[in-house]
Amino acid sequence: MLIPHPLLGLRDAQEFTYLGDAALMNRPDPDAPGAEAAFCDYVFLRDNPAGVHRELWFHEQGDRSWLVVTRDTLTHEILGAELASDVKAGAAQ
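Let me sum up the structure you'll find in this document.

Basis of the calculations
- Residues numbered from 1 in each chain as written.
- Predicted model: local features only at pLDDT ≥ 70, side-chain atom pairs only at ≥ 80, totals over all residues.
- Heavy atoms only, no water.
- Helix = DSSP H or I, 4+ residues; strand = E, 2+ residues; numbered from the N terminus.
- Contact = heavy atoms within 4.5 Å.
- Lys, Arg positive; Asp, Glu negative; His and termini not counted.
- Charge placed at Lys NZ, Arg CZ, Asp CG, Glu CD.
- Patch = residues over 30% accessible without salt bridge, like charges linked within 9 Å, V, L, I, M, F, W, Y side chains within 5 Å.
- Areas by Shrake-Rupley, 256 points an atom, 1.4 Å probe, with all protein chains shown as cover.
- Salt bridge = Lys/Arg side-chain N within 4 Å of Asp/Glu carboxyl O.
- Buried < 20%, exposed > 50% of the residue type's maximum accessible area, 1.4 Å probe, protein only.
- Core = buried A, V, L, I, M, F, W, Y, C linked by side-chain atoms within 4.5 Å.
- Pairing = 2+ DSSP bridges.

## Digging into the overall build of the protein chain
Next, step 1: Within the protein chain, the secondary structure is distributed over two helices and six strands.
Next, step 2: Moving toward the C terminus, one meets the helices and strands of the protein chain in the order β-β-β-α-β-β-β-α.
Next, step 3: The principal-axis extents of the C-alpha atoms in the protein chain amount to approximately 45 × 25 × 25 Å.
Next, step 4: Within the protein chain, counting contacts between residues at least 6 apart in sequence, those at least 24 apart form 47% of the total.
Next, step 5: The protein chain carries 7 positive and 15 negative side-chain charges, and their two centres are separated by 3 Å.

Dropping the structure here:
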């Protein structure tokens, strides 16, 4: 499986470590009311969708960047990849 790294071009998936759902970037506020329950859900509850899904991948054997990869979990087709820092910055706006 090849991942289209936004800076380095196509890279073999073996260079990366899969880290799960990209929703993990939306960490709960520890000072908010109900923070304990929110963190429990954040740590232990995960969706496992069939189909198109956004995932976090770490380029461990490369430039050590974090990517948000859009992948079809049924076919393993990679539909795109973005730097996680760009995704996070876009969400903050």
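Here the narrative resumes.
## Looking at a nonpolar patch on the surface
Next, step 1: Together, V43, F44 and L45 give the surface a local cluster of nonpolar side chains, amounting to about 340 Å² of exposed area.
Next, step 2: For F44, a relative accessible area of 64% translates into the label exposed.

## Quick notes on the nonpolar core
Next, step 1: Residues I3, A13, F16, W57, L67, V69, I78, A81 and L83 constitute the largest nonpolar core, which totals nine residues.
Next, step 2: Sorting the residues of this core by element identifies β5 (66-72) and β6 (78-83) as the ones contributing at least two each.
Next, step 3: Looking at this core element by element, the count peaks at three residues for β6.
Next, step 4: Excluding residues within four positions of it along the chain, I78 makes contact with M1, L2, I3, P4, V69, T70 and R71.
Next, step 5: A22, L24, A84 and V87 belong to the second-largest nonpolar core, a separate cluster that totals seven residues.

## Regarding the pairing of strand β1 (residues 2-5)
Next, step 1: By the alternation rule, side chains of β1 split into I3 and H5, which are all buried, and L2 and P4, of which none is buried.
Next, step 2: Pairing of β1 with strand β2 (residues 9-12), which is carried by four bridges, proceeds in the antiparallel orientation. The residue bridging P4 from the neighbouring strand is L10, located in β2.
Next, step 3: Between the antiparallel neighbours β1 and β2 lie three residues.

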